[in-house]
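These are the residues of each chain, in order.
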Amino acid sequence: MRELVRWCLYSSLLLVGCALGDEWNWWYYAGYDCPGSELYGYTCSGTVEDCKAVCSANANCYGFSYPEGQLMQMSCLWMKFRELSTNQLYLRFTGGAQPSTAYPAFPPVWPLPRSFSNGTTTLTVAAPQSFRFIPATPSQDLENAFIRYKKLFFPRQLGTPYTSLGPVVLPSVTVTVYNTNSSLQLGTDESYTLTIPVDGSSALISSQTVYGAFHGLETLSQLIRFDFETQTYVIRFSPWSIDDGPRFPHRELLIDSGRHYLPISTIQAVLDSMSYVKANTLHWHLVDSQSFPLVPINSPNIGLEGSYSIWERYSPLDITSLVEYARQRGIRIVVEIDMPGHAASWCLGYPEVCPAPTCPQPLSPATNKTFDLIEAIISELTGCKQAGGYFPDDVIHLGGDEVDTTCWTQSPEISQWLKDNGMDAEQGYEYFIERAQQIARDCQRQVTGWEEIWNHFGTALDKSTIIHQWLSGSSVIQQATSSGYRVVWSSSDVWYLDNLGVTWQQAYDAEPCSTISSDSCSAFVLGGGGEMWGEGIDTSDLMPTVFPRYAAIAERLWAPRGTQSAAASARYTAFRCLLNTRGVAAAPSSNNAARTCPPWPDSCFLQ
């Protein structure tokens with residue numbers, strides 16, 4: 001408690017809150033020890049309560065073995081446990097219920113697999129130079145994945161001779177993909193099985209598509225850990241048998257390059273991190289009122305004039321290279337071109353499509369020039385054919401949100417056009433949405449729009465439209481699914497990542513289908529995602545704002561329904577530390593406010 005008070009006093013200088021009432025909880029494991037974590041030179045004697053008091057008075061003590069009385073270091077909380085029938089192990093933690101297994105972060109995989117079984121053997125993995133990746137089916141995508149995952153399997157240089165902990169080692173992983181030509185679209189099979197034997201034979205990954213195989217490799221990479229004492233790579237709790245696949249087919253992260261330009265390298269880092277949580281959709285809010293960073297070939301002025309600067313632009317080649325980079329990690333890129341609102345940046349290059357220089361949005365519905373420009377942009381982005389263009393995904397997002405038609409009613413030309421066509425501003429909005437969506441449908445794209453289009457037009461929308469619910473407290477998911485429309489769920493009160501006060505527990509425990517039946521959920525809810533709006537985000541703070549909270553959303557969308565944050569807490573903390581070791585600037589897992597810095601010196605596993 002003295003140490004806690006000292007850090008609370010220190011943290012108050014940093015304006016970081018600290019509750020002095022937060023006491024240590026004691027976890028108890030009968031029949032276990034954690035060798036290698038001894039706090040040498042420090043012991044206790046007497047009763048269990050006597051040992052608790054001795055440990056609590058030592059700032060470096062995080063537990064003890066009893067009746068031996070050996071105090072333990074912090075690493076005992078997260079390192080290996082050993083069965084020892086005569087021993088009792090006591091560990092102390094600040095908060096959280098005791099896990100049911102004698103390994104707090106179990107299973108050591110994020111997101112939680114659909115089903116698994118495991119054993120008790122610690123299996124040595126063959127040395128990095130001799131471990132083999134074996135494609136049972138020839139595939140360049142698999143070969144590329146093997147190159148990436150070898151670095152994740154074996155991130156450390158070995159300075160001593162590599163020796164086995166046991167009589168057998170895991171020599172290789174064999175990957176079988178039954179359809180190596182499957183394209184990556186909404187609904188592509190991402191399931192896989194992973195078997196890790198303890199008889200000296202190869203680990204086996206089987207999947208219908210390479211995208212499922214990627215997920216299997218990711219799971220295997222998280223199971224392989226480096227053992228510092230033996231200087232070997234090991235897989236604990238072997239043998240493993242995992243049968244896994246996602247609950248929802250659409251698991252997105254939104255990034256926003258319209259408010260702040262995001263360099264190519266930043267987006268690549270985002271895609272890498274998404275693959276670690278098995279997310280499969282980058283929702284790219286490419287443009288907005290503030291900037292239009294894409295320079296299309298057919299209408300270049302929209303980007304040449306609408307971008308922030310000559311250095312903050314994307315070329316068509318930039319886009320196609322990012323789409324392929326994402327595909328190689330099992331991630332679709334769904335582009336959003338928001339309209340008719342959020343479109344003031346269009347006016348700099350094409351002023352004729354806007355109501356007035358001083359009142360630039362929504363885009364004007366009163367001139368065909370607006371729709372000619374929309375058609376030119378969508379045609380270029382999609383190639384106006386299935387799987388064509390810069391963005392080959394079957395889905396395009398056309399926004400449609402937060403449309404204030406005041407500029408239309410204040411424009412004499414648009415007001416007269418509405419009157420001549422027997423419309424009010426609301427009907428003009430509906431006309432615009434339907435005409436823009438038809439352009440996209442003619443280019444063989446399914447259209448997603450923010451929930452305002454449902455709130456305004458309901459079942460007048462084309463039945464193929466996907467409704468993206470985002471408003472807190474909205475009942476759109478009930479209304480739309482009951483009418484047979486598909487829905488993506490990203491409620492702003494829990495899954496908007498720019499809402500910095502949302503805790504990871506709130507994000508994790510949010511359930512997209514809590515207000516509808518299981519049948520409606522399965523039939524019409526495609527999934528959802530975390531939305532990282534860019535008003536206060538650029539490269540400098542993007543990753544610690546997204547992670548680790550986005551991992552909570554990713555597991556909700558992947559894992560079976562019913563998992564709760566309380567049971568995931570230790571795994572969440574451990575996964576945040578894994579992200580850090582992979583170079584992802586994930587903020588402390590215990591933050592009450594996203595992206596705040598660590599409050600004091602301590603282990604990654606305790607912050």
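Scroll up to find the structure.
Here's what I pulled together on the structure shown here. (Residues numbered from 1 in each chain as written. Predicted model: local features only at pLDDT ≥ 70, side-chain atom pairs only at ≥ 80, totals over all residues. Heavy atoms only, no water.)

**What about the overall build of the protein?**
- Along its length, the protein carries 20 helices and 21 strands.
- Taken against the 2.2 N^0.38 rule, which gives 25 Å for 607 residues, the C-alpha radius of gyration of the protein at 27 Å falls within 12% of a compact globule.
- Considering only C-alpha atoms, the protein reaches an extent of 90 × 60 × 50 Å along its principal axes.
- Every one of the 607 residues in the protein was classed for burial, and the buried ones make up 57%.
- Sequence separation of at least 24 residues holds for 73% of the intrachain contacts in the protein that already meet a minimum separation of 6.
- Taking the average location of the 37 positive side-chain charges in the protein and that of its 59 negative ones, the two points are 8 Å from each other. (Helix = DSSP H or I, 4+ residues; strand = E, 2+ residues; numbered from the N terminus. Rg over C-alpha atoms; globule rule 2.2 N^0.38 Å. Buried < 20%, exposed > 50% of the residue type's maximum accessible area, 1.4 Å probe, protein only. Contact = heavy atoms within 4.5 Å. Lys, Arg positive; Asp, Glu negative; His and termini not counted. Charge placed at Lys NZ, Arg CZ, Asp CG, Glu CD.)

**Focus on the nonpolar core**
- Formed by 102 residues in total, the largest nonpolar core has its most connected members in W284, W346, F547 and Y550.
- With sequence-adjacent residues up to four places away left out, W346 is seen in contact with F292, I302, I337, D338, M339, V353, L363, L373, I374 and I377.
- Counting residues in each nonpolar core, the second largest holds 38 residues, with V125, Y211, F214 and I242 among its members. (Core = buried A, V, L, I, M, F, W, Y, C linked by side-chain atoms within 4.5 Å.)

**Section: helix α7 (residues 316-327)**
- Across its twelve residues, α7 extends 17 Å between first and last C-alpha, which sits within 8% of the 16 Å expected from 1.5 Å per residue.
- When α7 is considered as a whole, its buried residues turn out to be P316, I319, L322, V323, Y325 and A326.
- The inward-facing, buried residues of α7 abut α5 (264-276), β15 (281-285), β16 (332-336) and α9 (368-382). (Expected span 1.5 Å × (residues − 1).)

**Topic: the state of the cysteines**
- The final tally for this structure, using the stated rule, is seven disulfides.
- Between the sulfur atoms of C359 and its disulfide partner C407 the distance amounts to 1.7 Å. Given an S-S torsion of about -85°, the disulfide between C359 and C407 has left-handed geometry. Taken as a pair, C359 in the loop between α8 (346-349) and α9 and C407 in helix α10 (residues 406-410) lie far apart in primary sequence, 48 residues in all. Across this residue pair, the class does not change: C359 and C407 are buried.
- Across a sulfur-sulfur distance of 2.0 Å, C513 and C521 are joined as a disulfide pair. On the S-S bond that ties C513 to C521, the torsion sits near 70°, and the link is right-handed. Here the two residues C513 and C521 agree in accessibility, since each one is buried. (Disulfide = S-S within 2.5 Å.)

**Quick look at the environment of A554**
- Relative to the assigned elements, A554 resides in helix α19 (residues 549-558).
- Overall, A554 belongs to the buried group, its relative accessible area being 3%.
- Setting aside residues up to four positions removed in sequence, A554 forms contacts with P111 and V277.

**Let's talk about the packing of aromatic side chains**
- Inspection of every chain in the model, using the stated rule, returns 37 aromatic pairs.
- Centroid distance F116 to W240: 5.9 Å. Interplanar angle 40°. Geometry classified as tilted. Note that F116 is positioned in strand β6 (residues 115-125) and W240 in strand β13 (residues 232-244), a separation of 124 residues in sequence.
- Judged by its relative accessible area of 31%, F116 is partly exposed.
- Owing to a relative accessible area of 2%, W240 belongs among the buried residues under this scheme.
- Taking the centre distance of 4.0 Å and the plane angle of 15° together, the rings of W504 and Y572 count as stacked. Taken together, the residues span a long stretch of sequence, with W504 in helix α16 (residues 504-509) and Y572 in helix α20 (residues 565-581) at a distance of 68 residues. (Phe/Tyr/Trp six-rings, centres within 6.5 Å; stacked < 30°, edge-to-face > 60°.)

**With respect to the packing of helix α3 (residues 140-153) against helix α4 (residues 210-223)**
- With their axes 10 Å apart at the nearest point, α3 and α4 run at an angle of 15° to one another. By the angle between their directions, the pair α3 and α4 is classed as roughly parallel. Where α3 crosses over α4, the handedness of that crossing is right-handed. Every residue of α4 that contacts α3 at D141, L142, A145, F146, R148, Y149, L152 and F153 is listed here: V210, A213, F214, L217, E218, L220 and S221.
- Grouping the constituent residues of the contact of α3 with α4 by class yields eleven nonpolar, one polar and three charged. (Axes fitted to C-alpha atoms, helices over the stretch in contact; angles between N-to-C directions. Parallel < 35°, antiparallel > 145°, perpendicular 65-115°, else oblique. Left-handed = near helix turned anticlockwise from the far one by under 90°. Nonpolar A, V, L, I, M, F, W, Y, C, P; charged D, E, K, R; others polar.)

**Let's talk about the side chain of S257**
- Tracing the chain through its elements places S257 in the loop between β14 (250-256) and α5.
- Given a relative accessible area of 0%, S257 falls into the buried group.
- A distance of 2.9 Å separates a polar side-chain atom of S257 from the backbone oxygen of L286.
- Apart from the residues lying within four places of it in its own chain, the contact partners of S257 are L262, W284, H285, L286, S291, P293 and Y314. (Polar contact = N/O pair within 3.5 Å; in protein donor to acceptor, adjacent residues only side chain to side chain.)

**Concerning the pairing of strand β9 (residues 172-177)**
- In terms of burial, β9 is a largely internal element, five of the six residues being buried.
- Across five bridges, the pairing between β9 and strand β11 (residues 203-207) is parallel. When the bridges of β11 are listed, T174 appears paired with L204. (Pairing = 2+ DSSP bridges.)

**Quick notes on the pattern of salt bridges**
- This structure, assessed with the given rule, holds 18 salt bridges.
- Taking the shortest distance from any N to any O, the salt bridge between R582 and E218 comes out at 2.8 Å. With R582 in the segment after α20 and E218 in helix α4, this residue pair connects regions lying 364 residues apart in the sequence. Both residues of the pair, R582 and E218, belong to the buried class.
- With a closest N to O distance of 2.7 Å, R329 and D272 form a salt bridge. Here R329 is found in the loop between α7 and β16, whereas its partner D272 is found in helix α5, with 57 residues between them in sequence. (Salt bridge = Lys/Arg side-chain N within 4 Å of Asp/Glu carboxyl O.)

**Notes on the packing of α19 against α20**
- Their axes nearest at 10 Å, the elements α19 and α20 cross at an angle of 125°. As the angle between them shows, α19 and α20 are arranged oblique. Where α19 crosses over α20, the two elements pack in a sense that is right-handed. Between α19 and α20, the contacting residues are R549, A551, A552 and E555 on the first element and A568, R571, Y572 and F575 on the second.
- A class-by-class count of the residues in the contact of α19 with α20 yields five nonpolar, no polar and three charged.

**A short note on α3**
- The first and last C-alpha atoms of α3 sit 20 Å apart over 14 residues, in line with the 20 Å expected at 1.5 Å per residue.
- The set of residues buried in α3 consists of D141, L142, A145, F146, R148, Y149 and F153.
- Residues of α3 that are buried sit in contact with β7 (132-135), β9, α4, β12 (224-227), β13 and α7.
- In this structure S139 caps α3, since a side-chain oxygen of it lies 3.3 Å from the backbone nitrogen of D141.

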